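Geometric and topological summary
In case you want the letters, here they are:
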Amino acid sequence: MDRSQIFDIAHRRHPIAAPVAPERLRDLLSWLSPPASGGAVDLGCGEGEWLQELLLAQPELTGVGIDHMLPTTAAERTAQRGLDDRVRWIEADASTWSDGLFDVVLCVGASHAFGGLEDMLTAVRRHLRPGGQALIGDTIWEGTPSTAALTALDASPEDFPNLAGLVWATREHGFEPSYGHTSTLAEWDDYEFTWTGSVVDWALREAPTTADRDQALTVAREHRDAWLGGWRRQLGFATLVLHDVSIPSAG
Ligand SMILES: C[S@@+](CC[C@H](N)C(=O)[O-])C[C@H]1O[C@@H](n2cnc3c(N)ncnc32)[C@H](O)[C@@H]1O
């Protein structure tokens, strides 16, 4: 099994691949106000939960979801929700894909696709219609990271900003943040327990071979140990709603 198969199993019960509860996701999306028949793009969409919930809330909006390893569940959930005719899923590298401008750009948990926060913000702007809105989510440090957190994540302190640094970076790119959300410890614990629990359940109840079972259990145990002994209470996650203010507003 490759890592992407295990990643899909890990998100079976948590289609949002970020430590964000479904009701918080809907709160955040409610701050977006695109034109009724506008368009949205989701860069690094995964199962496309952000885009699908946005389309459910905005009945005439259309959307495009971009992921370099698009899970089949994205299209399945779209069909179940009757959104087939309003969304296109495209398997592509989000760092090079391009197809016009969008009223809303979503990019949650996928800054690594662009090489980090700064390049992600540049990419968001490249796809955004002037005066449009973006919703971005990225990891932050909750404080000065411990050695255990840095080791578990194979990271350095400079790899992520704190919340203030994230907000400042968006302003330097010509955005004004409006609403924002920082993931709570309960959201993190739910996300990580669901991740590891789904892999353990699959290993013990569904794995077709002993080798698959052992591999999945090893991945779950390593992930759980790294979370509990490393990044728990250290790594944060912030989601921000951004307005493009790079051009002067009319009037
Ligand atoms: C942590 S997941 C977030 C998924 C989704 N935005 C969400 O919040 O549920 C990151 C996603 O980025 C995708 N990704 C990583 N590198 C990418 C690239 N170069 N182009 C497109 N997608 C990429 C991964 O396949 C994965 O689905």
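Scroll up a little and you will see the structure.
Note that this is a predicted model, so its numbers are computed, not measured.

**Quick word on the overall build of the chain**
A count of helices and strands for the chain gives nine helices and seven strands. Computed over its C-alpha atoms, the radius of gyration of the chain comes to 18 Å, within 12% of the 18 Å expected for a compact globule of 251 residues. In terms of its C-alpha atoms, the chain occupies a principal-axis envelope of roughly 65 × 45 × 30 Å. Taking all 251 residues of the chain together, the buried fraction comes to 50%. Within the chain, contacts between residues at least 6 apart in sequence are counted, and of these 75% link residues at least 24 apart. Only carbon and sulfur atoms are counted for the fraction: they give 51% of the accessible area of the chain, which is about 12,100 Å².

**Side note on the sheet that holds strand β4 (residues 102-108)**
Spatial ordering of the open sheet is given by β3-β2-β1-β4-β5-β7-β6, a layout of seven strands whose pairing is mixed. Among the strands making up the open sheet, the edge pair consists of β3 (87-91) and β6 (175-182). Sheet twist, expressed as the mean angle between neighbouring strand axes with direction ignored, is 15°. Pairing of strand β1 (residues 39-43) with strand β2 (residues 62-67), which is carried by five bridges, proceeds in the parallel orientation.

**Concerning the site of the ligand**
Inspection of the region around the ligand gives 17 residues, with Ala17, Gly44, Asp67, Ala94 and Val108 positioned closest. Asp67 places a side-chain nitrogen or oxygen 2.6 Å from an oxygen atom of the ligand. At 3.0 Å from a nitrogen atom of the ligand is found a side-chain nitrogen or oxygen belonging to Asp93. Considering the ligand on its own, with 600 Å² of exposed area, one finds that the protein chains cover 90% of that surface. When the residues that make up the shell around the ligand are grouped by side-chain class, the tally is 10 nonpolar, five polar and two charged.

Here is what the cut-offs are and how they apply
- Residues numbered from 1 in each chain as written.
- Predicted model: local features only at pLDDT ≥ 70, side-chain atom pairs only at ≥ 80, totals over all residues.
- Heavy atoms only, no water.
- Helix = DSSP H or I, 4+ residues; strand = E, 2+ residues; numbered from the N terminus.
- Rg over C-alpha atoms; globule rule 2.2 N^0.38 Å.
- Buried < 20%, exposed > 50% of the residue type's maximum accessible area, 1.4 Å probe, protein only.
- Contact = heavy atoms within 4.5 Å.
- Areas by Shrake-Rupley, 256 points an atom, 1.4 Å probe, with all protein chains shown as cover.
- Pairing = 2+ DSSP bridges.
- Axes fitted to C-alpha atoms, helices over the stretch in contact; angles between N-to-C directions.
- Near = heavy atom within 4 Å.
- Polar contact = N/O pair within 3.5 Å; in protein donor to acceptor, adjacent residues only side chain to side chain.
- Nonpolar A, V, L, I, M, F, W, Y, C, P; charged D, E, K, R; others polar.

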